[in-house]
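Examining the three-dimensional arrangement
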Amino acid sequence: MKRNLDIYEEQVINAAKEGAQIIIFPEDGIQGFNFTRASIYPYLDFIPNLDSLTWNPCKEFYLFNDTEVLHQLSCMALKNQMFLVVNLGTKEPCMQSDPHCPPDGRYQFNTNVVFNNNGTLIDPYKGRSH
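Source: prediction; values computed, not measured.

Let us look at the overall build of the protein. Summing up its helical and strand segments, the protein has three helices and five strands in all. Along the protein, from the amino end to the carboxyl end, the secondary structure elements read α-β-α-β-α-β-β-β. In summary, the protein has a C-alpha radius of gyration of 15 Å against a globular reference of 14 Å for 130 residues, a match within 12%. Each principal axis of the C-alpha distribution contributes one length, and for the protein these read about 50 × 35 × 20 Å. Taken across its 130 residues, the protein has 43% of its residues classed as buried. When the accessible surface of the protein is split by element, carbon and sulfur atoms take 53% of a total near 7400 Å².

So this is what it looks like as structure tokens:
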């Protein structure tokens, strides 16, 4: 993941130099796709509910745990004044009383996120559950 994030940063810098205002990265580009539910769990980020919150992970990294990838992506957007659309793995705890909650007590998602050119997370979309 670190290597992939380094490549993302290079691409953002190069795109910014060319005058791009937005960059869209492919699905599974950060984590890849050869993993199991258990093996990917340590690499998943947590995305807070943003219904009543504006959050810039680069500037406010201290607000939530397990947001390292979001922090790095947010800083890329901020430093390069560019909108980013990125796919990453995320996690969300669930209650066993939820009939759809997996036995391990968490949902795992393939999530698309959008950062504005100030690094603010503006639109997470949680796709299929892993």
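Here the narrative resumes.
Scanning the entire structure with this criterion turns up four salt bridges. With a closest N to O distance of 3.0 Å, D66 and K91 form a salt bridge. A residue pair is termed long-range when its members are at least 10 positions apart, and D66 in the loop between strand 2 (45-46) and helix 3 (68-80) and K91 in strand 3 (residues 83-93) qualify at 25 residues. The class for D66 is partly exposed, based on a relative accessible area of 35%. Ionic pairing is found between R106 and D104, a salt bridge with its closest N-O pair at 3.3 Å. Accessibility expressed as a relative area gives 16% for R106, which makes it buried. Each of R37, D104 and R106 takes part in salt bridges that share partners, so that together they form one network.

This brings us to helix 3. With 13 residues, helix 3 should reach 18 Å at 1.5 Å per residue; the first-to-last C-alpha distance of 19 Å fits that figure. Those residues of helix 3 lying buried are V69, L70, L73, S74, C75, M76, A77 and N80. Of the surrounding secondary structure, the elements contacted by the buried residues of helix 3 are helix 1 (2-17), strand 2, strand 3 and strand 4 (106-115). Looking one or two residues past helix 3, Q81 carries a phi angle of roughly 50°, positive in sign.

Right, let's talk about the packing of aromatic side chains for a bit. Enumeration according to the criterion identifies five aromatic pairs in this entry. Pairing F61 with Y62 gives two aromatic rings, centres 5.7 Å apart and planes at 80°, and the pair type is edge-to-face. Taken together, F46, W55 and F64 form an aromatic cluster joined through their ring pairs. In this structure, K91 packs its charged tip against the face of Y41, placed 4.7 Å from the ring centre. The ring of Y41 has R106 sitting right over it, with the charged end atom 3.8 Å from the ring centre.

Most of strand 4 sits out of view: nine of its 10 residues are buried. Pairing of strand 3 with strand 4 involves 10 bridges; the strand directions are antiparallel. In the strand pairing of strand 4, L84 is matched with F115.

Here is what the cut-offs are and how they apply
Residues numbered from 1 in each chain as written. Predicted model: local features only at pLDDT ≥ 70, side-chain atom pairs only at ≥ 80, totals over all residues. Heavy atoms only, no water. Helix = DSSP H or I, 4+ residues; strand = E, 2+ residues; numbered from the N terminus. Rg over C-alpha atoms; globule rule 2.2 N^0.38 Å. Buried < 20%, exposed > 50% of the residue type's maximum accessible area, 1.4 Å probe, protein only. Areas by Shrake-Rupley, 256 points an atom, 1.4 Å probe, with all protein chains shown as cover. Salt bridge = Lys/Arg side-chain N within 4 Å of Asp/Glu carboxyl O. Expected span 1.5 Å × (residues − 1). Contact = heavy atoms within 4.5 Å. Phe/Tyr/Trp six-rings, centres within 6.5 Å; stacked < 30°, edge-to-face > 60°. Lys NZ or Arg CZ within 6 Å of the ring centre and 35° of its normal. Pairing = 2+ DSSP bridges.

These values are about where atoms sit, not about what they do.
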